[in-house]
Amino acid sequence: MALEEYAGDYNMCCRCSACKFVPLQMVKGFEHANVCPSISRYNFHFYSGGGRLNLGAEALDKGFNYTPRYLDVIYNCQMCGACDVSCKYGMDMEVLRPIQELRIKAVQDGHAHPALDKVVDRMRKQGTMVAGKGKRGAWAEGLGLTDAATKKVDVLYHVGCLTSYDKDMQKVAKATASVLKKAGVKFGILGDAETCCGGRAYEMGYEADFLAQAKKSMEAIKKTGAKTLVTSCAMCYQTYAVLYERFGLKGDLKVVHSSQLIAELIGNGELKPKNDVDLNVTYHDPCHLGRLGEPWAHWEGTKIPGDRFVFDPPRPYRRGTNGVYEPPRQVLAGLPGVTLTEMDRIKEYAWCSGACGGVTDSNPEFAEWTANERIEEAICTGAEAIATADPWSEKLFAETIAKNDGALKVYDIVELVDQAI
């Protein structure tokens, strides 16, 4: 959708600041009342969801003036969607999508962030947004997994760029493959033939590059004959399940996150965790699996003329409520010896890990600050470890804890499942 088509949303913001906080009815205390990392870190209105809408309204009225401060505001945002769902607790309007369009416009006008330009250029040339040496499928050597590039499969495990190339995160891929094999799931991987989903490029503002990469990825998937795609990466899940559906690229492909599949396997008895894990954990809801992972709502209609923001037929709004929240918690509940203690901000109002929106590349200090805020919240629960369902979050948490000499452990839930079986 063109940026101009969000003019009503840009102009509808009344600067109430609801986008900055967890909705009042959900607040559990002053310490964890904030929901937007950007405004919490920089403490200036333009760094909030509403502030960015104000910038968009002014730009549509008077033209785009790409000053250094303007670009700083545009790119110092995790695009986590927290402002969007907090606003929608009481309003019918879009917040994240107009903000996304501001980034797309900046890239189209030649004002891309230099650090993000390098990342997307790597995707163009190598089919990955993560720098890595060696082959993409090297993590699976010796595991005896089906090569979906040469043999048709019904279920395809999409590993993702980070989990494929980062040696510290390859454990997530190995644990996922181990769990699926033990459950008797017949699946394959593309290995070296796997390519980036393109989702991070879209968040960074590179819509054209995202669409080009998405077509390449879907072509590779279609050649496998797979009817179901499983991924352990929250970003990849949101990209395939939501963005591809939005842009008409997904077709009939069923997309499931590994936590959803594992919860089903435990529920029907195909996976039987027996080993006592003996761990008190708190669960971090990844943005892309939670609020951003809510199914896409297609709509066609028109705005009714007049001063009211009314559509015919009524326009559905994604409020983050229908993201993937229960399956990861069901998995943890099914592991012997695991005790789950929730943080104050959970589900659609969860605080971002800091790994979203390209900020780990454009402003790693801000990403680390955001992660540390979540880590401190996790420590408040008394838990020994953070469990999550996203390698990007796990990596940033682990690095931030290590840098600060912390004692908190970090696991992907699939690692705990693998221990338990």
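On a predicted model such as this, the values are computed, not experimentally measured, just so you know. (Residues numbered from 1 in each chain as written. Predicted model: local features only at pLDDT ≥ 70, side-chain atom pairs only at ≥ 80, totals over all residues. Heavy atoms only, no water.)

Caption draft 1: Region of the structure containing the pattern of salt bridges. Under the definition given, this model contains 24 salt bridges. Between Lys171 and Glu415 there is a salt bridge; the shortest N-O distance is 3.7 Å. In this pair, Lys171 sits in helix H9 (residues 170-182) while Glu415 sits in helix H18 (residues 413-420), placing the two residues 244 residues apart along the sequence. Overall, the relative accessible area of 12% leaves Glu415 in the buried class. Three or more residues are tied together by salt bridges with common partners; here these are Asp84, Lys88, Glu94 and Arg97. (Salt bridge = Lys/Arg side-chain N within 4 Å of Asp/Glu carboxyl O. Helix = DSSP H or I, 4+ residues; strand = E, 2+ residues; numbered from the N terminus. Buried < 20%, exposed > 50% of the residue type's maximum accessible area, 1.4 Å probe, protein only.)

Caption draft 2: Expanded view of the packing of aromatic side chains. In the structure shown here, the tally under the stated rule is 16 aromatic pairs. Ring geometry for Tyr42 against Phe366: centres 5.2 Å apart, planes inclined by 65°, an arrangement best described as edge-to-face. Taken together, the residues span a long stretch of sequence, with Tyr42 in helix H2 (residues 37-42) and Phe366 in helix H16 (residues 364-380) at a distance of 324 residues. Overall, Phe366 belongs to the buried group, its relative accessible area being 1%. The structure contains a cluster of three or more aromatic residues connected by ring pairs, namely Tyr42, Tyr47, Trp351, Phe366 and Trp369. The positively charged end of Lys105 is found above the aromatic ring belonging to Phe64, 5.2 Å away from the centroid. Its end group placed over the ring of Phe311, Arg315 keeps NZ or CZ at 5.1 Å from the ring centre. (Phe/Tyr/Trp six-rings, centres within 6.5 Å; stacked < 30°, edge-to-face > 60°. Lys NZ or Arg CZ within 6 Å of the ring centre and 35° of its normal.)

Caption draft 3: Local environment of the layout of surface pockets. Its boundaries defined by the atoms lining it, the largest pocket holds a volume of some 600 Å³. Lining the largest pocket are 30 residues, and of these Glu94, Arg97, Arg246, Trp296 and Arg318 lie nearest its centre. Within the residue set of the lining of the largest pocket, elements represented by two or more residues are helix H5 (82-87), helix H6 (96-108), helix H10 (199-204) and helix H12 (234-246). The residues that make up the lining of the largest pocket include at least three from each of domain 1 (1-111) and domain 2 (128-267). As a volume, the second largest pocket reaches approximately 320 Å³. Taken together, 19 residues line the second largest pocket, and the ones lying closest to its centre are Thr360, Asp361, Trp392, Lys395 and Glu399. Listing elements by their share of the lining of the second largest pocket, those giving two or more residues are helix H7 (114-126), helix H15 (359-362), H16 and helix H17 (391-403). The leading source of residues in the lining of the second largest pocket is H17, at six residues. Class assignment for the residues of the lining of the second largest pocket results in ten nonpolar, two polar and seven charged. (1 Å grid on protein atoms, 1.4 Å probe; cavity = no way out; pocket = protein on both sides within 12 Å on 5 of 7 lines; lining within 4 Å. Points joined across faces, edges and corners; volume = space filled by probe spheres on them. Domains from an automatic or database assignment. Nonpolar A, V, L, I, M, F, W, Y, C, P; charged D, E, K, R; others polar.)

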